[in-house]
Amino acid sequence: MALRLFAKGWAFHLKTLTSSGFFVLVSVIQPIIFASIAFFMYEQGSKSGTLLYVALGAGLMGIWSSTLFGSGGAIQWQRWQGTLEILIAAPAPFLLVLVPLTLATASIGLYSIVGTLVWGRIFFGVPLDFAHPLQLVVALPVTVFSLGLLGLMLASTFVLYRQASAFSNLLEYPVWLITGLLVPLSLLPGWVTPISWLLAPTWGVKAIRDAAIAGNPSAWPAIGMCVLLGAAYLVLGWFFMQNFERLARQRATLSLT
Amino acid sequence: MTAAARVFFVGGAISYRALFNWIRPGMYVTTMLGSPLFQILFFTYLGRYTASEPESFFVVGNAVQVAAMSGIYGMTMGIANERQFGTLSPLLATPASRPALFLGRALPFIANGLVVSAFGFAVGVLLLDFSPAAGSVPALALVVLVTTCSCTALGMFIGSIGLRARDVFFAANLVYFLMLLVCGVNVAIDRLPGWMQAIGNVVPLTHGIEAARDVANGSSLGDVSGLVAAEAFIGLAYATGAYVLFRIFEAEGRRRASLETF
């Protein structure tokens, strides 16, 4: 039953998000634009040997953006559409309703990986020779899962604030910067590194790059960190969600923004 | 104060205040200041790593470009939201001067753009060791003013299309992000493919950013007068196009009774 609810919910939200112009922009067009800027900058700076590195980083930027905007506003949208009360009142645990949604927001970010790789291949000659295909096949869904569960935590905390979309606007660039998606962490101040360790995109991009680019270390440790962080996000998200649900029931503020 | 002046100033101010999503302090600071702050840091650090251009190239490019956020998104909302919120019909039923109605809305966004751009330059000076040439600030301010006006004109143009199109905010987002690529914000325009240069040369920002970089490097206003004039001309062309579209869609909406239908 839980599995069916999860699968149906994920597929439903994936279709809904795919039909949204905004999410197509965020998960396909925007990453391609940023990837193009980065390709030109890397080429101009004579770093053309790292174009696959750029394409994968720009793809992860798209996953983060779609997770951030999708999950950050997930509960608020249900509220505006008048479906939040129905979902809370349903016998299924609310967590089982919300997790498929936040995972779907991360999943459509996969379009951005495909988009930046195809765009990079056609227009910039990015080599698509993946060093460890098996590790890549594992790293991609694990990264999406960990970002989706980070999205659950965002959804359950942003709901407490009326201006959740402001947080979403604010958090896009900093996370791109401090998780090493395009700029190596070694270039940033030292205090940034411990913060980056707590963020799934750091390990996700490392796992995907380690799996894809020859000469990098094995991707398994980074994949393991994604799993570990995903589990931590799930526990925290579940805790915050219970808190939100309890307060909303007690104060009768479920539909109030 | 004449009726047209009242519509221009008071109407523009009320329209700005109606951007409920923006004018709360929390929302304003995070969206209009926080996001530009991190955009400038992101691209400057990326530029530092790739060593494609000097750091001041990215500071100036992005500090001017962030002014477009207010001009494009704000002005698009300022016009297109009338239709979204259901206030377009009452507004157009009034005998108010259309140029005053239209242009008055632009003023707050131009002022807002200047504030955001000034903040961007301050970020560059305080956090990224950016130091513009001595005495260049007044000329830089004038260049940014002209650029902000032309970006606002582009926002007007998109907003006018919003009187007819279903999802104009998609177009506003798309244009804003494409400008990051084709206007020489982070990649010098002569490094782009020919077709991107062709697009970049007919949209706002490109000439303004080039002029701002020259001024920050020590050129006088006279040295960049051609670039500033080109930026102003492009802005004027978009403003004229926007006004023409506005009047066409108004007339068509009246004739078909379709002002607020989607």
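Further up the page is the structure itself.
Student: I keep staring at the overall build of chain A and nothing clicks. Help me out?
Tutor: Secondary structure assignment for chain A yields twelve helices and zero strands. When the elements of chain A are put in sequence order from the N terminus, they spell out α-α-α-α-α-α-α-α-α-α-α-α. Since a compact globule built from 257 residues should have a radius of gyration of about 18 Å, the 18 Å found for chain A is in line with a globular shape. The C-alpha extent of chain A, read off along each of the three principal axes, is 60 × 35 × 35 Å. When each of the 257 residues of chain A is scored for burial, the buried share is 56%.

Student: How should helix α13 (residues 225-256) of chain B be read in this particular structure?
Tutor: Working note: α-helix, 3.6 residues per turn, so residues spaced by three or four point in the same direction. When the terminal C-alpha atoms of α13(B) are compared, their 46 Å separation across 32 residues agrees well with the 46 Å that a helix rising 1.5 Å per residue should span. Positive phi shows up at B:Ala257, right after α13(B), with a value of about 55 degrees.

Student: What should I look at first to understand the nonpolar core in this one?
Tutor: Buried together is how nonpolar side chains tend to be arranged in soluble globular proteins. Formed by 164 residues in total, the largest nonpolar core has its most connected members in A:Phe94, A:Leu98, A:Phe244 and B:Phe42. Dropping the residues within four chain positions of it, A:Leu98 is found in contact with A:Ala74, A:Ile75, A:Leu152, A:Ala155 and A:Met241. The next biggest cluster of nonpolar side chains, apart from the first, holds seven residues, and it includes A:Leu14, A:Leu17, A:Val26 and A:Ile108.

Student: So what exactly am I meant to see when it comes to the environment of B:Gly235 here?
Tutor: Residue and element names in this part refer to chain B. Position of glycine 235 among the secondary structure elements: in helix α13. Residue glycine 235 is classed as buried on the basis of its relative accessible area of 6%. For the pair glycine 235 and valine 202, spaced 33 residues apart in sequence, the C-alpha to C-alpha distance is 9.7 Å. Ignoring any residue separated from it by four or fewer positions in sequence, one finds glycine 235 in contact with Ser150 and Ala153.

Student: Looking at this model, I keep getting lost on the interface of chain A and chain B. Mind explaining?
Tutor: Accessible area lost during the coming together of the parts is what is often quoted as the interface size. In this assembly, 32 residues from chain A lie in contact with 36 residues from chain B. Counting the surface lost from both chain A and chain B, the interface buries some 3,300 Å², and carbon and sulfur atoms represent 79% of this. Ranking the residues of chain A by area buried against chain B places A:Met41, A:Gln44 and A:Tyr173 at the top, with a combined share of 22%. At the surface where chain A touches chain B, the tally comes to zero salt bridges. Where chain A touches chain B, the interface holds two residue pairs in polar contact (both at pLDDT 80 or more). Going through the elements one at a time, α2 (21-44) and α9 (164-178) of chain A are the ones with two or more residues in the side of chain A that touches chain B. The element best represented in the side of chain A that touches chain B is α2(A), accounting for 13 residues. Considering only residue class, the side of chain A that touches chain B consists of 22 nonpolar, eight polar and two charged.

Student: Please explain the packing of aromatic side chains as it appears in this structure.
Tutor: We describe a pair of aromatic rings using the distance from one ring centre to the other and the angle between the two ring planes. Using the criterion set out here, one finds 22 aromatic pairs over all chains in the structure. Measuring from centroid to centroid gives 5.3 Å for A:Phe22 and A:Phe23, while their planes differ by 85 degrees, and the two rings are edge-to-face. Taking relative accessible area as the criterion, A:Phe22 reaches 31% and is therefore assigned partly exposed. Between A:Phe34 and A:Trp176 the ring centres are 4.9 Å apart and the planes differ by 65 degrees, which places this aromatic pair in the edge-to-face class. Here A:Trp176 lies in helix α9 and A:Phe34 lies in helix α2, a separation of 142 residues in the sequence. Accessibility assignment for this pair places A:Phe34 and A:Trp176 in one class, buried. Taken together, the ring pairs in this structure connect A:Phe34, A:Tyr173, A:Trp176, B:Phe42, B:Phe43, B:Tyr73, B:Tyr176 and B:Phe177 into an aromatic cluster. Lying across the ring of B:Tyr45, B:Arg48 places its NZ or CZ 4.7 Å from the centre. It is B:Arg213 that lies over the ring of B:Phe57; its NZ or CZ is 3.5 Å from the centre.

Student: Is there a simple way to explain the packing of α2(A) against helix α7 (residues 110-124) of chain A in this structure?
Tutor: Geometry of a packed helix pair, given as the angle between the helix axes and the separation of the axes. Residue and element names in this part refer to chain A. Closest axis-to-axis distance for the α2/α7 pair is 9 Å, and the angle between their directions is 40 degrees. Of the possible angle classes, the one that applies to α2 and α7 is oblique. Handedness of the crossing formed by α2 with α7: right-handed. Across the interface between the two elements, Ser27, Val28, Pro31, Ile32, Ala35, Ser36, Phe39, Phe40 and Glu43 from α2 touch Tyr111, Ser112, Gly115, Thr116, Trp119, Gly120 and Phe124 from α7. A class-by-class count of the residues in the contact of α2 with α7 yields nine nonpolar, six polar and one charged.

Student: It is not clear to me how the side chain of A:Ser65 should be interpreted in this structure. Could you clarify?
Tutor: Along the chain, A:Ser65 falls in helix α3 (residues 51-72). If sequence neighbours within four positions are ignored, A:Ser65 has contacts with A:Val26, A:Gln30, A:Gly70, A:Glu172 and A:Trp176.

Student: How should the pattern of salt bridges be read in this particular structure?
Tutor: Where charged atoms of side chains with opposite charge meet at close range, the side chains can pair. All names here are of chain B. Evaluation of the coordinates by the stated rule reveals nine salt bridges over all chains. Glutamate 82 is the partner of arginine 105 in a salt bridge, and the nearest nitrogen-oxygen pair spans 2.6 Å. One end of the pair, arginine 105, is in the loop between α7 (98-104) and α8 (106-127); the other, glutamate 82, is in helix α5 (residues 67-84), and 23 residues separate them in sequence. For the pair formed by arginine 105 and glutamate 82, the shared burial category is buried. In this structure, the salt-bridge partner of glutamate 250 is arginine 254, at a minimum N-O distance of 3.1 Å. Taken together, the residues glutamate 250 and arginine 254, both in helix α13 and four residues apart, mark about one turn of the helix. Its relative accessible area of 4% is what places glutamate 250 among the buried residues. Relative accessible area serves as the criterion here: at 47%, arginine 254 is assigned to the partly exposed category.

Student: Sorry, what's going on with unusual backbone geometry here?
Tutor: Across the chain, the bulk of peptide bonds are trans and the bulk of non-glycine residues have phi less than zero. All names here are of chain B. The phi dihedral of alanine 51 falls on the positive side, at around 55 degrees, and the residue is not glycine. Structurally, the position occupied by alanine 51 is in the loop between α3 (25-50) and α4 (55-65). For leucine 205, which is not glycine, the phi torsion reads 90 degrees and is therefore positive. A relative accessible area of 0% means that leucine 205 is categorised as buried.

What counts, and where the lines are drawn
- As a convention, each chain's residues are numbered from 1 in the sequence order in which they are written.
- Think of it this way: whatever chain is written first is A, whatever ligand is written first is 1, and the rest follow in order.
- Owing to the predicted nature of the model, reporting of local features is limited to residues with pLDDT of at least 70; listing and counting of side-chain atom pairs is limited to 80 or more, with chain, interface and lining totals taken over all residues.
- For the side-chain quantities, the full set of heavy atoms in the structure was used; hydrogens and water were omitted.
- Working definition: helices are DSSP H or I runs of at least four residues, strands are E runs of at least two. Numbering for both runs from the N terminus.
- C-alpha atoms define the radius of gyration, and 2.2 Å times the number of residues to the power 0.38 defines the globule rule.
- Three labels apply to residues, based on accessible area from a 1.4 Å probe with only protein chains included: buried if under 20% of the type maximum, exposed if over 50%, partly exposed otherwise in between.
- Every helix has an expected span of 1.5 Å times one less than the residues it contains.
- The nonpolar core is taken to be a set of buried Ala, Val, Leu, Ile, Met, Phe, Trp, Tyr and Cys residues, with the residues joined through side-chain atoms within 4.5 Å.
- Whether two residues are in contact is decided by their heavy atoms, any of which lying within 4.5 Å being enough.
- We define buried area as the total accessible area lost by two parts upon association, computed with a 1.4 Å probe and summed across both.
- One side-chain nitrogen of Lys or Arg within 4 Å of one carboxyl oxygen of Asp or Glu is enough to make a salt bridge.
- N or O atoms within 3.5 Å of each other form a polar contact, as long as, within protein, one can give a hydrogen and the other can take it, and as long as residues adjacent in sequence are counted only when both atoms are side-chain atoms.
- Three residue categories are used. Nonpolar comprises Ala, Val, Leu, Ile, Met, Phe, Trp, Tyr, Cys and Pro, charged comprises Asp, Glu, Lys and Arg, and polar comprises the others, including Gly.
- Here the aromatic set is Phe, Tyr and Trp, taking the six-membered ring for Trp, and pairing holds for ring centres within 6.5 Å; pairs whose planes are under 30 degrees apart are stacked, those over 60 apart are edge-to-face, and all others are tilted.
- Comment: the charge-over-ring label is applied if NZ (Lys) or CZ (Arg) is within 6 Å of the ring centre and within 35 degrees of the ring normal.
- An axis is simply a line fitted to the C-alpha atoms; with a helix, the fit covers only the stretch in contact. Between two such axes, the angle follows the N-to-C directions and lies from 0 to 180 degrees.
- For classification, angles of less than 35 degrees are called roughly parallel, those exceeding 145 degrees roughly antiparallel, those between 65 and 115 degrees roughly perpendicular, and all remaining angles oblique.
- Should the near helix be turned anticlockwise from the far one by less than a right angle, the crossing is termed left-handed; should it be turned clockwise, right-handed.

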